[in-house]
Amino acid sequence: PEAGSQDTTETGLRLDQAAAIWAALTNHQTSTVLTGPAGSGKTYTLAAAAAAARQAGVRHVYGTAASQAARNVLAAKLKEMGVPATVLNSTQFLDRVSRPATDRHRLVIGPGSLILVDEASMLPTGHAAAIKRIAARTGSKELFAGDQEQLQAVEEGGAMGLQARKQGYLQLAEPVRFDHPWERDATLRLRSGDTSVADEYDQQGRVIGGSPEEVLEGGTVVPVTLLASHTDVILMTPARDLVRELARRARGELARDGLVYSCQL
């Protein structure tokens, strides 16, 4: 289902989000794929689906994602929606489900539960398969949300794309989490592999270059400033020695500002 982002339901959901939730919760598939570009509201849609399922009588909601950061975002959205849920990263989730019955920390998935998987394209294939087996064994429904055009799992990947090709998927219409119209169009071009979009980012002042030393300095100062304001930062480099150098410099700046304690390793 597709609809413009200007159209909303009485609950505030976009029409494409509402249609995706209805289709996901009423079909007879154990696992349903929900896909969409970055910024299209996939995590919000998962949380809204959980709220609708709870109203329909589903007693237990579980959430998971490969990374702890994605797990935290999903947990926050569920909390905003007032949905009580157990939310763990996929390693913790599978570990606790597989523990012996005598273990008081064992996680027991109740029959007819709803299992939400966010950032599913990053989920290792083994984890994806194990979660699907749990859903099938307990008669639960799994909503598998992500974007198969984005980064795949660090370990063995491709489970989301395979399921989408074999069983079909629900598609959210368009990205809306952007301040400027050009950002929405640019991210769709980037998602489709259009490398010429780099010129657009450059023209908009989003690409900052310099000498190697200038880039290293900027790669230290800007993240440290953001960290000091409690903003999460990801630094990416193409080489391990650059990672170590950036980490060394950032640690030194943070220690100088009294934000961390530095020690010799």
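In what follows, the structure referred to is the one given above.
This is a predicted model, so every value here is computed, not measured.

Quick look at the overall build of the chain
Across its full length, the chain carries 10 helices and 6 strands. A principal-axis box enclosing the C-alpha atoms of the chain has dimensions of 55 × 50 × 35 Å. Burial status across the chain gives 37% buried among its 265 residues. Contacts in the chain between residues at least 24 apart in sequence constitute 70% of all its contacts with a sequence separation of at least 6. Surface accessibility of the chain: about 15600 Å² in total, with carbon and sulfur atoms responsible for 54%.

Quick notes on the nonpolar core
Counting residues in each nonpolar core, the largest one holds 25 residues, and the members touching the most others are Ala50, Leu78, Leu114, Leu116 and Leu143. Elements represented by at least two residues in this core include exactly helix 1 (15-26), helix 2 (42-55), helix 3 (68-80), strand 4 (114-118) and strand 5 (141-146). With 7 residues, helix 2 is the single largest residue contributor to this core. Membership of the second largest hydrophobic core comes to 21 residues, among which are Tyr62, Phe93, Leu123 and Met160.

Structural notes on unusual backbone geometry
Positive phi is not limited to glycine here, since glutamate 119 has a value of about 50 degrees. Position of glutamate 119 relative to the elements: it lies in the loop between strand 4 and helix 5 (125-138). Residue class for glutamate 119 comes out partly exposed when judged on its relative accessible area of 28%. The backbone of histidine 230 sits at a positive phi, close to 65 degrees, despite the residue not being glycine.

Quick notes on the packing of aromatic side chains
Think of a pair of aromatic rings as described by two things: how far the centres are apart, and how the planes are tilted against each other in angle. Tallied over the entire structure, the rule returns 1 aromatic pair. Aromatic pair tryptophan 182 and tyrosine 201: ring centres 5.5 Å apart, planes at 75 degrees, arrangement edge-to-face. Of this pair, tryptophan 182 sits in helix 7 (residues 181-191) while tyrosine 201 sits in helix 8 (residues 197-203), placing them 19 residues apart in sequence. Sitting over the face of the ring of phenylalanine 144, lysine 132 holds its NZ or CZ atom 3.8 Å from the ring centroid.

Details of the sheet that holds strand 3 (residues 86-89)
Spatially, 3-2-4-5-1-6 is the arrangement adopted by the 6 strands of the open sheet, whose pairing is parallel. With partners counted over all chains shown, the strands left at the sheet margins are strand 3 and strand 6 (170-171), one partner each. Pairing analysis gives 5 bridges linking strand 2 (residues 61-65) to strand 4, with the strands arranged parallel. Along strand 4, the bridge assignment pairs threonine 64 with valine 117. Helix 2 rests against strand 1 (31-35), strand 2, strand 4 and strand 5 of the sheet, and its axis sits at about 175 degrees to strand 4. Along the sheet face, helix 5 touches strand 1, strand 2, strand 4 and strand 5 and points at about 150 degrees away from the line of strand 5.

Concerning the layout of surface pockets
For the second largest pocket, the calculated volume is near 640 Å³. Lining the second largest pocket are 21 residues, with Arg206, Val207, Ile208, Val222 and Ile234 sitting closest to its centre. At the level of elements, helix 7 and helix 9 (212-228) are the ones that each hand at least two residues to the lining of the second largest pocket. Here the residues of the lining of the second largest pocket are counted per class, giving 12 nonpolar, 6 polar and 3 charged.

Structural notes on the environment of leucine 226
By the element assignment, leucine 226 lies in helix 9. The class for leucine 226 is partly exposed, based on a relative accessible area of 34%. Beyond its immediate sequence surroundings of up to four residues, leucine 226 is in contact with Thr231 and Val233.

With respect to the pattern of salt bridges
This model, assessed by the stated rule, comprises 10 salt bridges. Ionic pairing is found between glutamate 213 and arginine 249, a salt bridge with its closest N-O pair at 3.0 Å. In this pair, glutamate 213 is assigned in helix 9 and arginine 249 in helix 10 (residues 240-256), connecting sequence segments 36 residues apart. Look at glutamate 213 and you get partly exposed, because its relative accessible area is 43%. In this structure, the salt-bridge partner of glutamate 217 is arginine 249, at a minimum N-O distance of 3.7 Å. Of this pair, glutamate 217 sits in helix 9 while arginine 249 is found in helix 10, placing the two residues 32 residues apart along the sequence. Linked through salt bridges whose partners overlap, the residues forming this network are Glu213, Glu217, Glu245, Arg248 and Arg249.

Cut-offs used in this document
- Residues numbered from 1 in each chain as written.
- Predicted model: local features only at pLDDT ≥ 70, side-chain atom pairs only at ≥ 80, totals over all residues.
- Heavy atoms only, no water.
- Helix = DSSP H or I, 4+ residues; strand = E, 2+ residues; numbered from the N terminus.
- Buried < 20%, exposed > 50% of the residue type's maximum accessible area, 1.4 Å probe, protein only.
- Contact = heavy atoms within 4.5 Å.
- Areas by Shrake-Rupley, 256 points an atom, 1.4 Å probe, with all protein chains shown as cover.
- Core = buried A, V, L, I, M, F, W, Y, C linked by side-chain atoms within 4.5 Å.
- Phe/Tyr/Trp six-rings, centres within 6.5 Å; stacked < 30°, edge-to-face > 60°.
- Lys NZ or Arg CZ within 6 Å of the ring centre and 35° of its normal.
- Pairing = 2+ DSSP bridges.
- Axes fitted to C-alpha atoms, helices over the stretch in contact; angles between N-to-C directions.
- 1 Å grid on protein atoms, 1.4 Å probe; cavity = no way out; pocket = protein on both sides within 12 Å on 5 of 7 lines; lining within 4 Å.
- Points joined across faces, edges and corners; volume = space filled by probe spheres on them.
- Nonpolar A, V, L, I, M, F, W, Y, C, P; charged D, E, K, R; others polar.
- Salt bridge = Lys/Arg side-chain N within 4 Å of Asp/Glu carboxyl O.

Function cannot be inferred from these measures alone, as they are strictly geometric.
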